[in-house]
Amino acid sequence: MPTFRRPLAEGNTNITTRKELSAYIRGKTVGKAEEGRRPAHIAAELKLADSTVRDTIEFDLLRNDGASHTRTGQPTKYSLRFKRAVVNLIRKEPKSSFEKIRKHFGTKVSDGVIRGILKDGG
């Protein structure tokens with residue numbers, strides 16, 4: 001794991017954040033595993049974390065052509081009915097504030113959620 005720099009200290013360009021593996025590196029990892037090499041040896045050869053190699057091998061069967069899976073994300077905290085109601089309210093009263101919308105529906109959704117609903121709803 002990279003060491004973090006002290007606040008207000010100069011940054012070190014040799015420390016990189018972890019990035020997603022390319023399909024090529026993922027393929028090399030799986031190929032070496034199919035040859036019978038151990039994950040620890042593969043990790044040392046390819047200069048990857050041991051857990052990265054193990055996860056790559058474990059989830060290889062779930063991938064199509066080495067492509068990454070998208071994450072599902074957090075489910076929405078509101079229904080389609082709520083979304084339509086918010087859009088309809090804004091169409092009737094365009095100058096409504098976020099607080100007024102929350103009071104009208106008696107909900108505790110954040111400003112960002114309301115903003116997203118309005119952005120999607122037109």
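Heads up: the structure comes first, above all this text.
Presented here is a report on the structure given in the accompanying data block. For clarity, every value in this text was computed on a predicted model and none was experimentally measured.

**Some words on the packing of helix 1 (residues 23–34) against helix 2 (residues 39–46)**
Phase 1 of the analysis: Orientation of helix 1 relative to helix 2, taken along the N-to-C sense of each, is 140 degrees, at an axis distance of 10 Å. Put simply, helix 1 runs oblique to helix 2. When the axes of helix 1 and helix 2 are compared, the crossing they make is right-handed. Contacts between helix 1 and helix 2 pair Lys28, Thr29, Lys32 and Ala33 from the former with Ile42, Glu45 and Leu46 from the latter.

**Considering the pattern of salt bridges**
Where side chains of opposite charge bring their charged atoms close, a pairing between them can arise.
Phase 1 of the analysis: Here the structure, examined in full by the defined rule, presents eight salt bridges.
Phase 2 of the analysis: Two residues, Lys32 and Glu45, come together in a salt bridge whose shortest N-O distance is 2.7 Å. Placement of Lys32 in helix 1 and of Glu45 in helix 2 is noted, with a sequence separation of 13 residues between them.
Phase 3 of the analysis: Of the residues examined, Lys32 reaches a relative accessible area of 15% and is grouped as buried.
Phase 4 of the analysis: Counted as one network, the salt bridges with shared partners bring together Lys32, Glu35, Arg37 and Glu45.

**Topic: the packing of helix 2 against helix 3 (residues 50–58)**
For any two helices packed against each other, the geometry is given by the interaxial angle and the distance between the axes.
Phase 1 of the analysis: Interhelical geometry of helix 2 versus helix 3 gives an angle of 115 degrees and a closest axis separation of 8 Å. Classified by chirality, the crossing of helix 3 by helix 2 is right-handed. The residues of helix 3 that touch helix 2, namely those facing Pro39, Ala40, Ile42 and Ala43, are Asp50, Val53, Arg54 and Ile57.
Phase 2 of the analysis: Residue composition of the contact of helix 2 with helix 3, grouped by class: six nonpolar, no polar and two charged.

What counts, and at which threshold
- Residues numbered from 1 in each chain as written.
- Predicted model: local features only at pLDDT ≥ 70, side-chain atom pairs only at ≥ 80, totals over all residues.
- Heavy atoms only, no water.
- Axes fitted to C-alpha atoms, helices over the stretch in contact; angles between N-to-C directions.
- Helix = DSSP H or I, 4+ residues; strand = E, 2+ residues; numbered from the N terminus.
- Parallel < 35°, antiparallel > 145°, perpendicular 65-115°, else oblique.
- Left-handed = near helix turned anticlockwise from the far one by under 90°.
- Contact = heavy atoms within 4.5 Å.
- Salt bridge = Lys/Arg side-chain N within 4 Å of Asp/Glu carboxyl O.
- Buried < 20%, exposed > 50% of the residue type's maximum accessible area, 1.4 Å probe, protein only.
- Nonpolar A, V, L, I, M, F, W, Y, C, P; charged D, E, K, R; others polar.

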